[in-house]
Amino acid sequence: MSDFYLVFKNMTRKPLRLFLTCFAIFIAFLIFGAVTSLKSALNSSVELSADNRLVVFNRINFTQSLPIAYVQKVAAVEGVKHVTHLNWFGGYFQEPSRQVVSMAVDPESYLKVYEEIVIPEEQKQAWFNNRQGALVGEKLAQIYGWKVGDRIPLSSNIFSHKEGGYTWEFVISGIFKGDTEQYDTRQLLFHYKYFMETQTFGGDWIGWMALTTDDPAINENVAKTIDDNFANSQSETDTSTEKAFNKAFIEQIGNIGLIIFSVVFTAFFTILVVVGNTMALAIRERTGEIAVLKTLGFSSTRIFRMVLSESLLIAFVGGLSGLAAAWLLVEGVKTFLARFLPNLILDGDIALQAILFMLLLGLITGLMPAFQALRLNIVTAFNRQQ
Amino acid sequence: MGSLIAQIVSVTLMNLGSLRRRLWMSLAMVFASAVVVVILLAFLAMAKGFEATMSGAGSSQIAILMREGSASEINSVILQDQVNLIAESAGVARDTNGPLVSPELYVIVDGLKKSTGTEANIPLRGLNETGMAMRNNMRMVEGRMFTPGTNEMIVGEGVLREFNGFEIGKEVRFGKNLWTVVGVFSTGGNIFESELWADIKIIQSHYNRGNSYQSIRLQLENDGDLKPIQETIKREPRLNLEAQTEQEYFASQGKQLQYIATFGWIISSVMALGALAGALNTMYTSVADRAREIATLRALGFSNFSAFCGTIAEAMVLALAGGLLGSLAAYLFFDGLNTSTLGGSFTQVVFSFEMSPDLFVQGAVLALVIGFISGFFPAWRAARMPVVVAFRHAT
């Protein structure tokens, strides 16, 4: 009779209890997997930002604009490799609820600063040469079923068109990908010049600038030089790394995220405690049987191993199935949520973390009873039964 | 009948009396239900607090007009002549000074959040005396009103709670402009308390806005009656505006947090399933533990039904204890917890979690349901088990 057979028999002797225990663990890890994926999706913009990229905003707030003349001055700062400027368009497609992340940019310099953008050479040239051309990210094109060559109307909830109305027409010159799967490609980029010439107000203003430095080590120096340049001017600037900016932006969403995650994690651990308690009790109940096994000549270490492997087995059966369900769930809602959370994936890190918790659950719930079994005195055990 | 009740009471008391012997299992049951209640209440309290902040702001007597197509104030642009046209429209309430119309403009400025020490968006709203008077739940808590034509501003209580450096007398610098805080106002806990207010003319000139505005607030002659205004807009091609009552506007702005509340419901119900499995397990174990005790009772002539009720009562008492513990924890940790998040207009909305009595009731009901379900099946099994089998099993 192999040990595994005994472990298995022990485990399944009360099928209902086994089912309930595994189910509770299943649920706990299902939620753990799903919520952790959600959390890392929210933080992904911070992880993905380039080290040597800086952003320059108006000091008052990032919604205030800057004069376009600043671009040349920034380009002249030592250590700045490429600089480009962007305008937030506030675009939507047909309905105000179908928002499109769209920006008016200077095409050549934009592609130099955002090197992650991958686009076929002929589409790139086509975009450069067509004033009305727009570059669309792969995911965005998928959402609305846009193809290269399509003419699409895009409305702005901020600007109005010279010829009346708020709608601009663009021709899709190219569809870009990111160099990694997580790169957010739900964007639309179009020519700043076309935008400037056709809008009714705004003049020569830009939203903000993005630049790359020669080396991440000089980031701080470059940022300081830029801000000093514009100190005491009508529009003072605030330069920070893209990473720091994205982080600050996510923090604006606020403590809410933190509160939700801490509540869910507390719940996760409490469920594990409750389940662990029953698992430990289930083994303690069998003190008498363990005494019998010992009497039969099973060595203490062998029993220790058997008890421990039983609780580990339960933890992993419940936990892994929960994790698998979480993966299915995340994969299932991924396309549906792509508009809000482009980077929702349950990756290796999260899975590893979950497996670590399963191991911990199995060990903690198994070790105590296993130790007791190890040290169990046969005579007292038989006595206790009476 | 009387004896049945007496039986149930005595079995219940006996079960409760012996709880101490099954301390760990009982605690597990209490914890399991406490978790579910805490999660549920946390989400509900958050949704409730946000809702109170949003809906408290919306009056059906006030209409808000923005450029058509712009989803929120920040995106809208309105010019002076449009304001003049609207002021002459039918359906606008008037007093001795003329029509009650308030053109408003705001810019987004940065403030330092107390909780994280990072910068976050606060709206700096410019309005005139009519606009101030139209917010009739607004009152000064401390200090005085700003003097028109100066760089003075008053701050909402919410801003004061969540951000550093806006105390009375402090000077605040936004870009090149230095502002002085001269007063603190309250609007009864609604969204306007997340704002800074100053004179509209000064904001227009400091931020190069010429004679433009973002929204027009006006008092309606008849409560909720937008028709005359909408007719004016339709007739006059220069008015590319959209009118809605303030109530509708804030309701639509509050939508996104409702998603979080829904998310909370889903998570707490799924978690509840997990905790329920844990609780059921505990009760099964607990009943199995006492199989002989229950069999003895039944051998003594207690009815199956009283044994059944006794077990259910035990589970419900434990779950209720958990529910109370959970509500208490939720109350201690979450009630009045100040927080802020990015609202519909890209600016911070300051609000607090609100644990109202009806939330406690919901928590208690949920706990009782958990107790009932987790007690029912084990009790059913205990009551139906033949006495002889029970004795044999217990040894």
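Please read these numbers as outputs of a predicted model, since none were measured by experiment. (Residues numbered from 1 in each chain as written. Chains lettered and ligands numbered in written order. Predicted model: local features only at pLDDT ≥ 70, side-chain atom pairs only at ≥ 80, totals over all residues. Heavy atoms only, no water.)

Digging into the overall build of chain B
Condition: Comment: elements are numbered from the N terminus, with helices defined as DSSP H or I runs of at least four residues and strands as E runs of at least two. Radius of gyration here is computed from C-alpha atoms only, and the compact-globule reference equals 2.2 Å multiplied by the residue count raised to the power 0.38. The buried label applies to any residue whose accessible area, calculated with a 1.4 Å probe on protein chains only, is under 20% of its type's maximum; exposed applies above 50%, and partly exposed to all values in between. By definition, residues are in contact when any of their heavy atoms lie within 4.5 Å. Residue-level accessible areas treat just the shown protein chains as cover; the underlying method is Shrake-Rupley with a 1.4 Å probe. Charge convention: Lys and Arg are scored as positive, Asp and Glu as negative, and His as well as the terminal groups of each chain are ignored. To locate a charge, take atom NZ for lysine, CZ for arginine, CG for aspartate or CD for glutamate.
Looking only at helices and strands, one finds 13 helices and 17 strands in chain B. Relative to the globule expectation of 21 Å for 395 residues, the C-alpha radius of gyration of chain B, 30 Å, shows a markedly less compact shape. Oriented by its inertia axes, the alpha-carbon framework of chain B measures out at about 95 × 45 × 30 Å. Every one of the 395 residues in chain B was classed for burial, and the buried ones make up 54%. Long-range contacts, defined here as pairs at least 24 residues apart, represent 78% of the contacts in chain B between residues at least 6 apart. Summing over all exposed atoms, chain B offers an accessible surface of approximately 16400 Å²; the carbon and sulfur share of this is 60%. Across chain B, 30 positive and 33 negative side-chain charges occur, with their mean positions spaced 13 Å apart.

Considerations on the environment of Pro120 of chain A
Residues and elements named next belong to chain A. Of note, Pro120 is situated in the loop between β6 (117–118) and α5 (121–129). Owing to a relative accessible area of 35%, Pro120 belongs among the partly exposed residues under this scheme. Put simply, Pro120 and Ile175 are 55 residues apart on the chain and 8.5 Å apart in space, counted from C-alpha to C-alpha.

Some thoughts on the packing of helix α2 (residues 23–55) of chain B against helix α12 (residues 357–384) of chain B
Residue and element names in this part refer to chain B. Just so we agree on the cut-off: The axes are straight lines fitted to the C-alpha atoms, using for helices just the contacting stretch, and the angles between their N-to-C directions are given from 0 to 180°. Each angle is binned into one of four classes, with values under 35 degrees roughly parallel, values over 145 roughly antiparallel, values of 65 to 115 roughly perpendicular, and all other values oblique. Take the far helix as your reference; a near helix turned counterclockwise from it by less than a right angle gives a left-handed crossing, and one turned clockwise gives a right-handed crossing. Residues are sorted three ways: Asp, Glu, Lys and Arg are charged, Ala, Val, Leu, Ile, Met, Phe, Trp, Tyr, Cys and Pro are nonpolar, and all the rest, Gly among them, are polar.
Where α2 meets α12, the axes come as close as 9 Å, and the angle between the chain directions of the two elements is 150°. When the axes of α2 and α12 are compared, the pair comes out roughly antiparallel. For α2 against α12, the interelement crossing comes out right-handed. Here Met29, Ser33, Val36, Val37, Leu40, Leu41, Leu44, Ala45 and Lys48 of α2 come into contact with α12, specifically with Asp358, Leu359, Gln362, Gly363, Leu366, Ala367, Ile370, Gly371 and Ser374. Here the contact of α2 with α12 is composed, by residue class, of eleven nonpolar, five polar and two charged.

Observations regarding helix α2 (residues 15–48) of chain A
Inclusion rule: Residue count minus one, scaled by 1.5 Å, sets the expected span of a helix. Two axes enter the definition of the bend at a residue: one is fitted to the seven residues ending there, the other to the seven starting there, and the bend is the angle between them.
With 34 residues, α2 of chain A extends 47 Å from end C-alpha to end C-alpha; this agrees with the ideal 50 Å at 1.5 Å per step. Helix geometry: α2 of chain A is bent most strongly at Leu42 of chain A, by close to 45°.

A few points about a nonpolar patch on the surface
Residue and element names in this part refer to chain B. In plain terms, the rule: Each patch groups residues whose relative accessible area exceeds 30% and which form no salt bridge, using 9 Å between like charges and 5 Å between nonpolar side chains of Val, Leu, Ile, Met, Phe, Trp and Tyr. Here, a salt bridge means any side-chain nitrogen of Lys or Arg that lies within 4 Å of a carboxyl oxygen of Asp or Glu.
Judged by side-chain polarity, Leu23, Trp24, Leu27, Phe31 and Leu325 come together as a nonpolar surface patch covering roughly 490 Å² of accessible area. The greatest single-element share of the nonpolar patch, amounting to four residues, is contributed by α2. The class of Leu23 is partly exposed, set by a relative accessible area of 43%.

Brief notes about the pairing of strand β15 (residues 241–245) of chain B
Consecutive side chains of a regular strand alternate in pointing toward one face of the sheet and then the other. Residue and element names in this part refer to chain B. So the rule is basically this: DSSP bridges decide pairing: two strands pair if at least two such bridges lie between them.
Only one face of β15 is buried, namely the one carrying Leu241, Ala243 and Thr245, since none of Glu242 and Gln244 on the opposite face is buried. Relative to β15, strand β1 (residues 62–67) is paired through five bridges, and the arrangement is antiparallel. Residue pairing in the sheet places Leu65 in a bridge with Ala243 of β15.

Describing the pattern of salt bridges
Close approach of charged atoms allows side chains with opposite charge to pair. One pass over the structure, following the stated rule, counts 25 salt bridges over all chains. We note a salt bridge from Asp228 of chain A to Lys224 of chain A, for which the minimum N-O separation is 3.0 Å. Taken together, the residues span about one helical turn, with Asp228 of chain A and Lys224 of chain A both in helix α8 (residues 219–229) at a distance of four residues. Lys224 of chain A gets classed as exposed once you look at its relative accessible area, which sits at 52%. The partner of Glu195 of chain B in a salt bridge is Arg125 of chain B, with the nearest N and O atoms 2.6 Å apart.

Some remarks on the nonpolar core
Buried together is how nonpolar side chains tend to be arranged in soluble globular proteins. Going by this rule: Joining through side-chain atoms within 4.5 Å is the link that ties buried Ala, Val, Leu, Ile, Met, Phe, Trp, Tyr and Cys residues into a set, and such a set is a nonpolar core.
With 75 residues, the main nonpolar core has Ile39, Trp197 and Met271 of chain B as its most contacted residues. For Ile39 of chain B, the contacting residues outside a window of four places in its chain are Val263 and Ala267 of chain A together with Ile267, Ser268 and Met271 of chain B. Core analysis: the next-biggest nonpolar cluster, separate from the first, contains 42 residues, Ile86, Ala198, Ile233 and Leu241 of chain B among them.

Considerations on the interface of chain A and chain B
This is how the line gets drawn: Accessible surface is computed with a 1.4 Å probe, and the buried area is the amount of it that two parts give up when combined, taken over both parts together.
Contacts between chain A and chain B engage 52 residues on the former and 61 residues on the latter. Taken together, the two surfaces of chain A and chain B that pack against each other cover about 4700 Å², and 65% of this comes from carbon and sulfur. When the buried surface of chain A facing chain B is broken down by residue, Ile60, Gln252 and Ile256 of chain A rank first, second and third, together holding 14% of it. The tally of links from chain A across to chain B stands at one salt bridge. Of the charged contacts, one joins Glu236 of chain A and Arg173 of chain B as a salt bridge, the two residues approaching to 3.1 Å between their closest N and O atoms. For the side of chain A that touches chain B, the secondary-structure elements that each account for two or more residues are α2, α9 (242–253) and α10 (255–284) of chain A. A total of 14 residues in the side of chain A that touches chain B trace back to one element, the largest contributor, which is α10 of chain A.

Re the packing of aromatic side chains
Cut-off, in case you're wondering: Note on aromatic pairs: the rings of Phe, Tyr and Trp (six-membered ring only in Trp) are paired at centre separations within 6.5 Å, and the planes decide the class, stacked below 30 degrees, edge-to-face beyond 60, tilted for the rest. Placement of a positive charge over a ring is assigned whenever Lys NZ or Arg CZ falls within 6 Å of the ring centre and within 35 degrees of the normal to the ring plane.
Here the structure, examined in full by the defined rule, presents 46 aromatic pairs over all chains. Taking 6.2 Å as the distance between ring centres and 20° as the angle between the ring planes, the aromatic pair formed by Phe23 of chain A and Phe26 of chain A counts as stacked. In this pair, Phe23 of chain A and Phe26 of chain A both sit in helix α2, three residues apart, roughly one turn of the helix. Judged by relative accessible area, which is 24%, Phe23 of chain A ranks as partly exposed. Centroid distance Tyr110 of chain A to Tyr114 of chain A: 4.6 Å. Interplanar angle 25°. Geometry classified as stacked. Looking at Tyr114 of chain A, the relative accessible area reads 8%, which means it is buried. Over the aromatic face of Phe298 of chain A sits the side chain of Arg302 of chain A, whose NZ or CZ is 4.3 Å from the ring centroid. In this structure, Arg67 of chain B packs its charged tip against the face of Tyr166 of chain A, placed 3.7 Å from the ring centre.

Thoughts on unusual backbone geometry
A positive phi angle, close to 65°, is found at Gln94 of chain A, a residue other than glycine. Tracing the backbone shows Gln94 of chain A in the loop between β4 (91–92) and β5 (99–105). Unusually for a residue other than glycine, Asn208 of chain B sits at a positive phi of about 55°. Looking at the element boundaries, Asn208 of chain B is found in the loop between α6 (200–206) and β13 (212–213). Given a relative accessible area of 57%, Asn208 of chain B falls into the exposed group.

Let's talk about the packing of α2 of chain A against α9 of chain A
Residue and element names in this part refer to chain A. Relative orientation of the contacting elements α2 and α9 amounts to 160°, with a least axis distance of 7 Å. Considering their axes alone, α2 and α9 lie roughly antiparallel with respect to each other. Contact with α2, carried on its side by Leu42, Asn43, Ser45 and Val46, involves Lys243, Asn246, Lys247 and Ile250 of α9 and no other residues of that element. Of the residues contributing to the contact of α2 with α9, the split by class is three nonpolar, three polar and two charged.

Quick look at helix α10 (residues 291–299) of chain B
All names here are of chain B. Counted only if it meets this: As used here, the arc is the angular range of directions from the helix axis to the C-beta atoms.
Residues Ala291, Ile294, Ala295, Leu297 and Arg298 constitute the buried set of α10. One side of α10 carries all its buried residues, which in axial view fall inside an arc of 155°. Positive phi shows up at Gly301, right after α10, with a value of about 110°.

Considerations on the confidence of the model for chain B
Here is the rule: pLDDT is a per-residue confidence score from the predictor, ranging from 0 to 100.
When pLDDT is averaged along chain B, the result is 86, and 97% of the positions lie at 70 or above. Per the prediction output, this complex has pTM 0.77; the corresponding ipTM is 0.75.

A look at the side chain of Asn219 of chain A
Let me state the cut-off plainly: Distance and chemistry together define a polar contact, namely a pair of N or O atoms within 3.5 Å, with one atom able to donate a hydrogen and the other to accept it when in protein, and with adjacent residues in sequence counting only for side-chain atoms on both sides.
Within the element layout of this structure, Asn219 of chain A appears in helix α8. At a separation of 2.9 Å, a polar atom in the side chain of Asn219 of chain A contacts the main-chain carbonyl oxygen of Asp51 of chain A.

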